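Examination of the molecular architecture
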Amino acid sequence: MPELPEVEVTRIGLKPLLQNTIAKVLVRNYSLRWPINSELPGLLKNQTLLALSRRGKYILAKFTSGTLIIHLGMSGRLCIVPSDEKLNKHDHVDIRFKKNNLILRYRDPRRFGSILWTVEDPYNHKLIKNLGPEPLNEEFDAKYLISRLRNKKQCVKNAIMDSHVVVGVGNIYASEALYYAGIRPNRISQKVSMKEVLSLVESIKNVIKEAIIKGGSTMNDFFDVNGENGYFQNEHKVYGRENKPCFRCQLLIIQIRLGQRSSFYCKKCQR
DNA sequence: CTGTAGACCTGGAGGC
DNA sequence: TGCCTCCAGGTCTACA
């Protein structure tokens, strides 16, 4: 499910829980990507949610004496539900808050997500401290990106999906950004020109900004915390459009495989 | 150090 | 129906 836009939409949707205090935590399944701390229910009880931020695809929920680091993996989802909401097979964690009797419920069929507790600065956490820049920050610019692509023999799509190069660009938005930039996904990174990198940086920023505005992409199972789907899937130009006509030139969109992931592009519009 | 395949999981779609 | 294979929004780890 979630690339940066979907995670950001989720983070914003959690804001109604700010300043609310946890009454009880129920973990039904501790085995996610990393095991949930077995002490978590006791640790979180009576903690107040003070701030919500995001680093890459990680949601950072700051509480009174520590931070929950939440990653949604491929199929994770957070929703705010009333206490009598019917249970789904893959609802692994319930965090019940005191005010309004709301439950923050974590569902994740594939269990590639993670919920980690730390009392340290989360930016020093090993999963977070070595991440590349945020795509919407000023520091992510053409000068930076070309410096990272210059030595790489890897293809450019894999490079921009590497969270140590830039965070948040997943399989959908990598294909989309490369389409807007007119660059084939299988181009060797070091052969991409400065002019193309300029365009690529702008395309990544624009595609991610637009996707956040449209509420993310709902493919099968992305919904925001209130169960509403996103609309950005209607804006996809190449992702999932194999054998369909390019919106610009009508040539059929090609699907190839790069690094075990599907990639989509137009042979005429992308060089 | 760099790059890639494998691993972790469940479920849905499509073929037979 | 059922069984099989392949595919899916991520990313860490092991290995060449």
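Computed from a predicted model, the values in this text were never measured in an experiment.

Turning to the protein's contact with DNA strand C, a few remarks are in order. Lining the immediate surroundings of DNA strand C are 22 residues, of which Gly-170, Met-219, Asn-220, Phe-222 and Ser-262 lie closest. Only α5 (171-181) and β10 (261-265) provide two or more residues apiece to the surface near DNA strand C. A class-by-class count of the residues in the surface near DNA strand C yields eight nonpolar, nine polar and five charged.

Extensive coverage of strand β6 (residues 91-97) is indicated by the burial of five of its seven residues. Pairing of strand β1 (residues 22-27) with β6 involves five bridges; the strand directions are antiparallel. Counted as the bridge partner of Val-27 is Val-93 from β6. Note: β6 against strand β7 (residues 102-107), five bridges, orientation antiparallel. For Val-93, the partnering residue across the bridge sits in β7 and is Tyr-106. Counting the residues that bridge the hairpin from β6 to β7 gives four residues, and of these Asn-100 lies at a positive phi of roughly 65°.

In the contact formed by helix α1 (residues 4-13) and helix α6 (residues 194-213), the axes pass within 9 Å of each other and the chain directions differ by 40°. Judged by the twist between their axes, the crossing of α1 over α6 is right-handed. Residues Leu-4, Pro-5, Glu-8 and Val-9 of α1 form the contact with α6, whose participating residues are Ile-208, Ala-211 and Ile-212. Of the residues assigned to the contact of α1 with α6, the class counts are six nonpolar, no polar and one charged.

We now examine the sheet that holds strand β3 (residues 58-63). Strand order in the open sheet formed by four strands is β2-β3-β4-β8, and the pairing between neighbours is antiparallel. Where the open sheet ends on each side, the last strands, each with one partner, are β2 (49-55) and β8 (114-118). Averaged over neighbouring strand pairs, the angle between their axes works out to 20° when direction is ignored. Pairing of strand β4 (residues 66-71) with β8, which is carried by five bridges, proceeds in the antiparallel orientation. Directly across from Ile-70, in β8, lies its bridge partner Ile-115.

All right, on to the sheet that holds β7 then. Read across the sheet, four strands follow the order β1-β6-β7-β5 without closing on themselves; strand pairing throughout is antiparallel. Each edge of the open sheet carries a strand with a single partner, namely β1 and β5 (77-82). For this sheet, the mean angle separating the axes of adjacent strands, direction not counted, is 20°.

It is worth spelling out the environment of Asn-226 at this point. Secondary-structure assignment places Asn-226 in the loop between α6 and β9 (254-258). Apart from residues no more than four positions distant in its own chain, Asn-226 is found in contact with Gly-13 and Ile-80.

Near DNA strand B you find Ser-31, Lys-89, Pro-109, Arg-110, Arg-111, Phe-112, Lys-152, Lys-153, Gln-154, Asn-158, Gly-259 and Gln-260, and these make up its full shell. Along the lines of polarity and charge, the residues of the surface near DNA strand B split into two nonpolar, five polar and five charged.

What follows is about unusual backbone geometry. Its identity is not glycine, yet Asn-100 carries a phi of approximately 65°, on the positive side. C-beta crowding within 10 Å serves as the criterion here: with 11 such atoms nearby, Asn-100 is assigned to the exposed category. One non-glycine residue with positive phi stands out, namely Gln-250, at about 75°. Mapped onto the elements, Gln-250 comes out in the loop between α6 and β9. A count of 10 C-beta atoms within 10 Å places Gln-250 in the exposed class.

Basis of the calculations
- Residues numbered from 1 in each chain as written.
- Chains lettered and ligands numbered in written order.
- Predicted model: local features only at pLDDT ≥ 70, side-chain atom pairs only at ≥ 80, totals over all residues.
- Near = placed C-beta within 6 Å.
- Helix = DSSP H or I, 4+ residues; strand = E, 2+ residues; numbered from the N terminus.
- Nonpolar A, V, L, I, M, F, W, Y, C, P; charged D, E, K, R; others polar.
- Buried ≥ 20, exposed ≤ 12 C-beta atoms within 10 Å, placed from the backbone.
- Pairing = 2+ DSSP bridges.
- Axes fitted to C-alpha atoms, helices over the stretch in contact; angles between N-to-C directions.
- Left-handed = near helix turned anticlockwise from the far one by under 90°.
- Contact = placed C-beta atoms within 7 Å.

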